Every structure is written in C-alpha cells, then in structure tokens.
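Chains, contacts and geometry: an overview
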Amino acid sequence: LLPLARIGFGLTVVSGLVLFMMQARTLAVMPLFFVKMGAVAIAVANTMIFHGGVFTSGGGWRHASPPPRRARVAAVVSLVCWTVALVCGRFLAYV
C-alpha cells in the first residue's frame, strides 16, 4: 500500500505544481497559500518520521491494545495537517 501512496503523492505534487504555475503571481502573495504549504510540509515530515521510526515496530503491536502514544500523536498530527491543507486549498478560490 505504501508504494501506491507514494505514487499518488507524486502525481499530486506534479498536478499541484502545474496549477501553481497557472496562478503563481496571485498565489505567491497569499498568506493562506503559505499556511497550506506549511501544513503539507509538516504532514510529509510527520509521515517520514512515522515510517522511519514509530512504524518500524508496527509488527509487534497487539490488535487488542491501543497503539503506542507516539503513533497516536502522529495520527492526530497527520489528520490535522491534511485537514488544514484541504480547507486552505478550498478557501484559496474565495480569497
């Protein structure tokens, strides 16, 4: 599943760059755009940290017990960052 996620993210980056190039002058001065890019950057860094550290011990997690605290924190950070990026992206059309 992870290789498919990487391919999907790569396609998203390419399409995002193309869309940015169409309105670069407008978006480059919008604070909301920088909030969105910051949220995406934090989400990507969080994913890399998760897969590089916390998830390496994922095979030992029991299904009956809750996941480790670091994994739960990573999940919350991911959900918040991607939600912020999505909402900011939607609002960019109206600002």
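Heads up: the structure comes first, above all this text.
Reading the values: rules and limits
Throughout this description, residue numbers start from 1 for each chain and increase along the sequence as written. Predicted model: local features are reported for residues with pLDDT of at least 70 only, side-chain atom pairs are reported and counted for 80 or more only, and whole-chain, interface and lining totals are derived from all residues. Just so you know, side-chain values use all the structure's heavy atoms and leave hydrogens and water out. A helix here means a DSSP run of H or I that spans at least four residues, while a strand means a run of E at least two residues long, and both kinds are numbered starting from the N terminus. The contact criterion used is simple: two residues touch if any of their non-hydrogen atoms lie within 4.5 Å. Expected helix span is taken as 1.5 Å per residue step, with the number of steps being one fewer than the number of residues. For every residue, the accessible area (1.4 Å probe, protein chains only) is compared with the maximum for its type, and the residue is labelled buried under 20%, exposed over 50%, or partly exposed between those bounds. Working definition: the arc comes from the directions between the helix axis and the C-beta atoms, pointing outward to the latter.

1. What to know about the side chain of N46
Mapping N46 onto the fold places it in helix 3 (residues 31–52). For N46, the residues in contact, after removing those within four places along its chain, are A74, V77 and S78.

2. Observations regarding helix 3
Between the first and last C-alpha of helix 3 there are 31 Å, a value that for 22 residues agrees with the 32 Å anticipated at 1.5 Å per step. Where helix 3 is concerned, the buried positions are F33, A39, V40, A43, N46 and F50. The buried residues of helix 3 occupy an angular sector of 155 degrees when the element is viewed end-on, so they sit on one face. Exposed and oriented more than 90 degrees from the buried face of helix 3 are P31, M48, I49 and G52.

3. A word on the environment of M37
Relative to the helices and strands, M37 resides in helix 3. Residue classification places M37 among the partly exposed positions, given a relative accessible area of 35%. Each C-alpha atom, one on M37 and one on V84, is 9.8 Å from the other, the two residues being 47 residues apart in sequence.

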